Number of protein chains: 2
Amino acid sequence: MREGIGMEQRRIGEVAVIFCSTRTTADAAGYDAAARIMDALAAVQPGYRGIDSARGADGAGITISYWANEAAAIGWRDHPDHAAIRERGRAVWYDDYRVTICTVARAYGWTRP
Amino acid sequence: MREGIGMEQRRIGEVAVIFCSTRTTADAAGYDAAARIMDALAAVQPGYRGIDSARGADGAGITISYWANEAAAIGWRDHPDHAAIRERGRAVWYDDYRVTICTVARAYGWTRP
């Protein structure tokens, strides 16, 4: 499973790419394998800064990838392997998705003492 | 359950408040009730634009609230009922959380035809 929340606080000026999606019920194994491969591939791209991901039992999921700047985020969007897997996503795995590209303005966190 | 993904596309300049958290296993009923109340209260605040939320079985969750501008986001942060429930969150419901405040730069979506 790719779900997980990193503990690193985001930095001002980073680009957050919010991917909100609804999964179909099809091909869970194929989806999980592809998600793992994409996470690993994203992590070695220039300007990668982290990922947060959660998906509930109802199929609604949010994945946020963080990038040093807009160019890095666009580089990942246009990566050939990522583009190919997106085609598979539209064909099989997703009923719908929305992508929101944001710039980080402030960030803070809390951990149980 | 509060999980869900809205279908509305975000608009440029909106403020996205990303709340990434890890739940404790304590007081699930109290948490669910409070989350429902907070969602309903947020939705009637000035400048509210929507919410996306997902939480996996591992306790990792992401909730993103969207606001017309920074003033609206701060207004919700400082709402007395919201501040009170945050205290309860730190006391009981969360092991950790991070808040990232962003400005929306671009947005697009796809729905299965």
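Just so we're clear, the structure is a prediction, and the values are computed from it rather than from any experiment.

Caption draft 1: Highlighting the overall build of chain A. For chain A, the count of helices and strands is three helices and four strands. The order of α-helices and β-strands along chain A, N terminus first, is β-α-β-β-α-α-β. For 113 residues, the compact-globule formula gives about 13 Å, and the C-alpha radius of gyration of chain A, at 14 Å, lands near that figure. Counting only residues that meet the buried cut, chain A has 50% of its 113 residues in that class. Summarising the internal contacts of chain A: among those between residues at least 6 apart in sequence, 78% fall at separations of at least 24. About 5200 Å² of surface is accessible on chain A, with carbon and sulfur atoms providing 58% of the total. Each charge class in chain A can be summarised by its mean position, and for the 14 positive and 14 negative side chains these summaries are 4 Å apart.

Caption draft 2: Spotlight on the pairing of strand S3 (residues 60–67) of chain B. Residues and elements named next belong to chain B. Counting buried residues in S3 gives eight out of eight residues, a clear majority hidden from the surface. Burial along S3 is two-sided: Ala 60, Ile 62, Ile 64 and Tyr 66 and Gly 61, Thr 63, Ser 65 and Trp 67, pointing in opposite directions, are all buried. Taken together, the eight bridges between strand S1 (residues 15–23) and S3 define a ladder with antiparallel strand orientation. When the bridges of S3 are listed, Val 17 appears paired with Ser 65. Where strand S2 (residues 48–55) meets S3, seven bridges bridge the pair, whose relative direction is antiparallel. For Ile 51, the partnering residue across the bridge sits in S3 and is Ser 65.

Caption draft 3: Representation of the interface of chain A and chain B within the structure. The interface of chain A with chain B comprises 51 residues on the first partner and 51 residues on the second. Summed over both partners, the interface of chain A with chain B buries about 4000 Å², with 57% contributed by carbon and sulfur atoms. Looking only at chain A, the three residues that lose the most surface to chain B are Arg98(A), Arg106(A) and Trp110(A), adding up to 20% of its buried area. In this structure, Arg98(A) and Asp52(B) form a salt bridge, with 2.9 Å as the shortest nitrogen-oxygen distance. Our enumeration of links across chain A and chain B arrives at 19 residue pairs in polar contact (both at pLDDT 80 or more). Of all the secondary structure elements, the ones that give two or more residues to the side of chain A that touches chain B are strand S1 (15–23), strand S2 (48–55), strand S3 (60–67), helix H2 (70–77), helix H3 (80–93) and strand S4 (94–111) of chain A. A per-element tally of the side of chain A that touches chain B places S4(A) first, with 18 residues. Class assignment for the residues of the side of chain A that touches chain B results in 24 nonpolar, 13 polar and 14 charged.

Caption draft 4: How the structure looks around the side chain of Glu14(A). Note on placement: Glu14(A) falls in the segment before S1. Not counting chain neighbours up to four residues away, the residues in contact with Glu14(A) comprise Arg49(A), Tyr66(A), Trp67(A), Ala68(A), Cys102(A), Thr103(A) and Val104(A).

Caption draft 5: The arrangement of the UniProt feature "domain: ABM" (unreviewed entry) in chain A in detail. The feature "domain: ABM" (unreviewed entry), as given by UniProt, occupies residues 27–87 of chain A in the numbering adopted here. With 52% helix and 26% strand, residues 27–87 of chain A has end C-alpha atoms that lie 14 Å from one another.

Caption draft 6: Representation of the pairing of strand S4 (residues 94–111) of chain B within the structure. Relative to S4(B), S4(A) runs antiparallel, the two being bridged by 15 bridges. Residue pairing across strands places Cys102(A) opposite Val104(B), the latter belonging to S4(B). Where S1(B) meets S4(B), nine bridges bridge the pair, whose relative direction is antiparallel. Bridging from a neighbouring strand, Ser21(B) pairs with Tyr97(B) of S4(B).

Caption draft 7: Summary view of helix H1 (residues 28–43) of chain B. Residues and elements named next belong to chain B. Its 16 residues give H1 an end-to-end C-alpha distance of 22 Å, which sits within 8% of 22 Å, the value for a rise of 1.5 Å per residue. Regarding H1, the residues found buried are Tyr 31, Ala 34, Ala 35, Met 38, Asp 39, Leu 41 and Ala 42. Looking straight down H1, one finds its buried side chains confined to an arc of 165°; they lie on one side. Looking at H1, the residues exposed on the side facing more than 90 degrees away from the buried face are Ala 29 and Ile 37. At its buried positions, H1 is contacted by S1, S2, S3, helix H2 (70–77), helix H3 (80–93) and S4.

Scoring rules and cut-offs
Residues numbered from 1 in each chain as written. Chains lettered and ligands numbered in written order. Predicted model: local features only at pLDDT ≥ 70, side-chain atom pairs only at ≥ 80, totals over all residues. Heavy atoms only, no water. Helix = DSSP H or I, 4+ residues; strand = E, 2+ residues; numbered from the N terminus. Rg over C-alpha atoms; globule rule 2.2 N^0.38 Å. Buried < 20%, exposed > 50% of the residue type's maximum accessible area, 1.4 Å probe, protein only. Contact = heavy atoms within 4.5 Å. Areas by Shrake-Rupley, 256 points an atom, 1.4 Å probe, with all protein chains shown as cover. Lys, Arg positive; Asp, Glu negative; His and termini not counted. Charge placed at Lys NZ, Arg CZ, Asp CG, Glu CD. Pairing = 2+ DSSP bridges. Buried area = accessible area lost by both parts, 1.4 Å probe. Salt bridge = Lys/Arg side-chain N within 4 Å of Asp/Glu carboxyl O. Polar contact = N/O pair within 3.5 Å; in protein donor to acceptor, adjacent residues only side chain to side chain. Nonpolar A, V, L, I, M, F, W, Y, C, P; charged D, E, K, R; others polar. UniProt positions renumbered as here; feature names shortened; annotations may be inferred. Expected span 1.5 Å × (residues − 1). Arc of directions from axis to C-beta.

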